[in-house]
Amino acid sequence: MNDIKVQIKTWFDGLNPRERKLVLGTGIFLVIFFLHQLVWEPLVGRAAKLEQKVAKQQQDLLWMQQAAQEVSQLSGGSRPASSGSLLGVIERTARQSKLGDSIRKVQPEGKDGVRVWLDKAPFDDVMHWLDGLQTKQGVSVTNFSVERQSEPGRVNVRISIGK
């Protein structure tokens, strides 16, 4: 191995300065070229394939979610349409029903229950929200208390919800 190094060094030293620069430049170019071809390109290609795979899986997930909703609707909504904790479902659906500003407190109650306090909530929105919870999420109201407010259509509500 040392013999080869000596031969290459002797050959390189025998070149004139212009040829040495040309050999060094070509060597640097070849190192960069091989690094690009053997390291960079495979990484970029793999990343592109993974992005395509993720996009395909997201499309599949969206289709499955839509199919699950359709199955739930066709089966009469007897099963919950979404997964997750009851507490999360209550908060998410309340915000979707424009009751987010009215939520004062959401508290777990026992193993499968949640207590919700709404202040100055629109009565119609509360009723639509509760209907959606029962028909689409498969939960039931176990206790319901309403207090009318001075502002028309607004109420304070205390609800116990269970699975």
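Refer to the structure above for everything that follows.
Note that the structure is predicted; figures quoted are calculated from it, not measured.

**Q** With reference to specific residues and values, describe the side chain of Thr 93.
**A** Mapped onto the elements, Thr 93 comes out in helix α3 (residues 86-96). Non-local contacts of Thr 93, meaning those with residues more than four positions away in its chain, are made with Trp 129, Leu 133 and Gln 137.

**Q** Run through the packing of aromatic side chains, naming residues and quoting values.
**A** Each aromatic ring pair is specified by the distance between its two centres and by the angle formed by the two planes. Counting across every chain of the model gives two aromatic pairs. Relative to Phe 33, the ring of Phe 29 lies with its centre 6.2 Å away and its plane at 20°, an arrangement referred to as stacked. In this pair, Phe 29 and Phe 33 are both assigned in helix α2 (residues 17-74), four residues apart and thus about one turn of the helix distant. For Phe 33, a relative accessible area of 37% gives the class partly exposed.

**Q** Describe the pattern of salt bridges, with residues and values.
**A** For side chains bearing opposite charge, pairing can occur when the charged atoms are close. A full pass over the atoms with the stated rule returns six salt bridges. For Asp 60, the salt bridge goes to Lys 56, with nearest N and O atoms at 3.0 Å. On the criterion of helical spacing, the pair formed by Asp 60 and Lys 56 is a turn pair, its members being four residues apart in helix α2. Asp 60 sits in the partly exposed class, given a relative accessible area of 30%.

**Q** Report on helix α4 (residues 123-136), specifying residues and quantitative values.
**A** With 14 residues, α4 should reach 20 Å at 1.5 Å per residue; the first-to-last C-alpha distance of 20 Å fits that figure. The secondary structure elements touched by the buried residues of α4 are α3, β2 (113-122), β3 (140-148) and β4 (154-162). Phi for Gly 138, located one or two positions after α4, is positive at around 75°.

Calculation rules
Residues numbered from 1 in each chain as written. Predicted model: local features only at pLDDT ≥ 70, side-chain atom pairs only at ≥ 80, totals over all residues. Heavy atoms only, no water. Helix = DSSP H or I, 4+ residues; strand = E, 2+ residues; numbered from the N terminus. Contact = heavy atoms within 4.5 Å. Phe/Tyr/Trp six-rings, centres within 6.5 Å; stacked < 30°, edge-to-face > 60°. Buried < 20%, exposed > 50% of the residue type's maximum accessible area, 1.4 Å probe, protein only. Salt bridge = Lys/Arg side-chain N within 4 Å of Asp/Glu carboxyl O. Expected span 1.5 Å × (residues − 1).

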